[in-house]
Amino acid sequence: RPINIPIKNRHVFITGGSMGIGLAIAKQAASEGARISLLARSVDRLQKAKESICQAYEVEVSIFSADVRDYDAVERAIKEAGPIDVLVVNHGVYYMEEFETQGLDVMKTMIDVTLMGSFNVIKAALPLMKDRKDKGPASIALMSSMAGQAGIYGFAAYSATKFGIRGLAEALQQELLVNNIHLSIIFPPVTETSGIEQARERMPEITKIILESSPGMKAEEVGKITIQGIKSGSFSIPCRLDGRAVAIATAGLSPQTSFLMASIEVVFAGLFRFVALLLQWRGFEIIEKYNYSHKKQQVE
Ligand SMILES: NC(=O)C1=CN([C@@H]2O[C@H](COP(=O)(O)OP(=O)(O)OC[C@H]3O[C@@H](n4cnc5c(N)ncnc54)[C@H](OP(=O)(O)O)[C@@H]3O)[C@@H](O)[C@H]2O)C=CC1
Ligand SMILES: CCCCCCCCCCCCCCCC(=O)[C@@H](N)CO
């Protein structure tokens, strides 16, 4: 069923809100008159984020320093922040590398921060969200990635965490509908942030070639689309036309609140599956071609 979730004068709590996509979401919510809470580790960056929001918008901004891996710290922060209307679980870490060379410790960090961290945040926030005074429609929005819709070379562990987010959201939506809490998942393509800048340094060449076929987005654009998607109660929030196509191809058993989108999914399912297979083909071609020219170089 269609649903509208108001943002104005409501409490929006954003994890990983001190920079990158999270900060962009915070600024968009602030521009629409929300009260903002940001959670991240570095107090320095949190303070700078708060200043930059307060300079541009007249809204209340609270900051909380906690590691999402530390449940007690997360719970303390959320209790202090008070009942949340819109929870944006955006924090995440990503390191791209072939599975075989990537250390288990690095993989575990991604699972602990991105996946377990999301469990911690939602677990701590839920009792207070259910207790919210106005009982108006509330939202839990989870940041995935297009790498959470399709596995991509070099993304094994990261994709596992982001696919995991989808299972969490689909299950939780069924449990929380009765509480008028609506789940959303955002699936951005590569987005220019300092995090991605760092990840590029170790990224396999093949991953770079595959990603080149899809231009990067600006964090501000993703921030706008996220808030728009939350307000319109969308379960899946793709970020661009290509993202919309991938969302239709991977709709699976996800909820759909738009009758128009549901109709498009039903009518074009076969066509989008066909395009998805072509993309897979193209991917394997890129990988084969790279391996071939690389071997030739080694012989020479
Ligand atoms: N950039 C991209 O290309 C894409 C990113 N995404 C996803 O979007 C989200 C944000 O990405 P992006 O903006 O690039 O990331 P950044 O690295 O720019 O920012 C990450 C944010 O998360 C916080 N954070 C990281 N680790 C922890 C932790 N253990 N506890 C609490 N906070 C933490 C950081 O603050 P601090 O370090 O101070 O804790 C920071 O505020 C992630 O979930 C990412 O997977 C999805 C698709 C594309
Ligand atoms: C072999 C199969 C080929 C399929 C091609 C599909 C092309 C889609 C490109 C989408 C790029 C999404 C990157 C997300 C980046 C991200 O989440 C960052 N956090 C990390 O880089």
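Residues numbered from 1 in each chain as written. Chains lettered and ligands numbered in written order. Predicted model: local features only at pLDDT ≥ 70, side-chain atom pairs only at ≥ 80, totals over all residues. Heavy atoms only, no water.

A.B. asks: So what's going on with the pairing of strand β6 (residues 181-187)? Residues and values would help.
C.D. replies: The element β6 is extensively covered by neighbouring structure, given that seven of its seven residues are classed as buried. What you see with β6 is no split at all: I181, L183, I185 and F187 on one side and H182, S184 and I186 on the other are buried throughout. One ladder, built from six bridges, connects strand β5 (residues 138-143) with β6; its direction is parallel. Paired with L142 across the two strands is I185, which belongs to β6. Between the parallel pair β5 and β6, the chain is carried across by helix α5 (residues 156-176), and the sense of this crossover is right-handed. (Buried < 20%, exposed > 50% of the residue type's maximum accessible area, 1.4 Å probe, protein only. Helix = DSSP H or I, 4+ residues; strand = E, 2+ residues; numbered from the N terminus. Pairing = 2+ DSSP bridges. Right-handed = clockwise from strand over helix to strand, strands pointing away.)

A.B. asks: Give a detailed account of the nonpolar core, specifying residues and quantitative values.
C.D. replies: Of all hydrophobic cores here, the largest spans 47 residues; its most connected members are L87 and I140. For this core, the elements supplying multiple residues, two or more each, are α3 (71-81), β4 (86-89), α4 (104-130), β5, α5, β6 and α6 (194-202). No other element matches the 10 residues that α4 contributes to this core. Other than its neighbours up to four places away in sequence, L87 contacts F13, V121, I122, A125, M129, S139, I140 and A141. Core analysis: the second largest hydrophobic core is formed by 31 residues, I5, A29, I53 and V61 among them. (Core = buried A, V, L, I, M, F, W, Y, C linked by side-chain atoms within 4.5 Å. Contact = heavy atoms within 4.5 Å.)

A.B. asks: Now, about the site of ligand 1: what can you tell me, with residues and values included?
C.D. replies: Lining the immediate environment of ligand 1, one finds 31 residues, of which S18, R41, Y94, Y158 and T193 sit closest. With respect to ligand 1, the side chain of R41 contributes an N or O atom lying 2.7 Å from an oxygen atom. Notes on ligand 1: free accessible area 880 Å², of which the protein chains cover 96%. Secondary-structure elements contributing two or more residues to the shell around ligand 1 are α1 (20-31), α5 and α6. In the shell around ligand 1, the residues fall into 13 nonpolar, 13 polar and five charged. (Near = heavy atom within 4 Å. Polar contact = N/O pair within 3.5 Å; in protein donor to acceptor, adjacent residues only side chain to side chain. Areas by Shrake-Rupley, 256 points an atom, 1.4 Å probe, with all protein chains shown as cover. Nonpolar A, V, L, I, M, F, W, Y, C, P; charged D, E, K, R; others polar.)

A.B. asks: I'd like a rundown of α5, residues and numbers included.
C.D. replies: In this model, α5 (21 residues) spans 30 Å end to end at C-alpha, consistent with the 30 Å of a helix rising 1.5 Å per residue. Listing the buried residues of α5 in full gives A157, Y158, S159, T161, K162, I165, R166, L168, A169, L172, Q173 and L176. Buried residues along α5 sit against α4, β5 and β6. (Expected span 1.5 Å × (residues − 1).)

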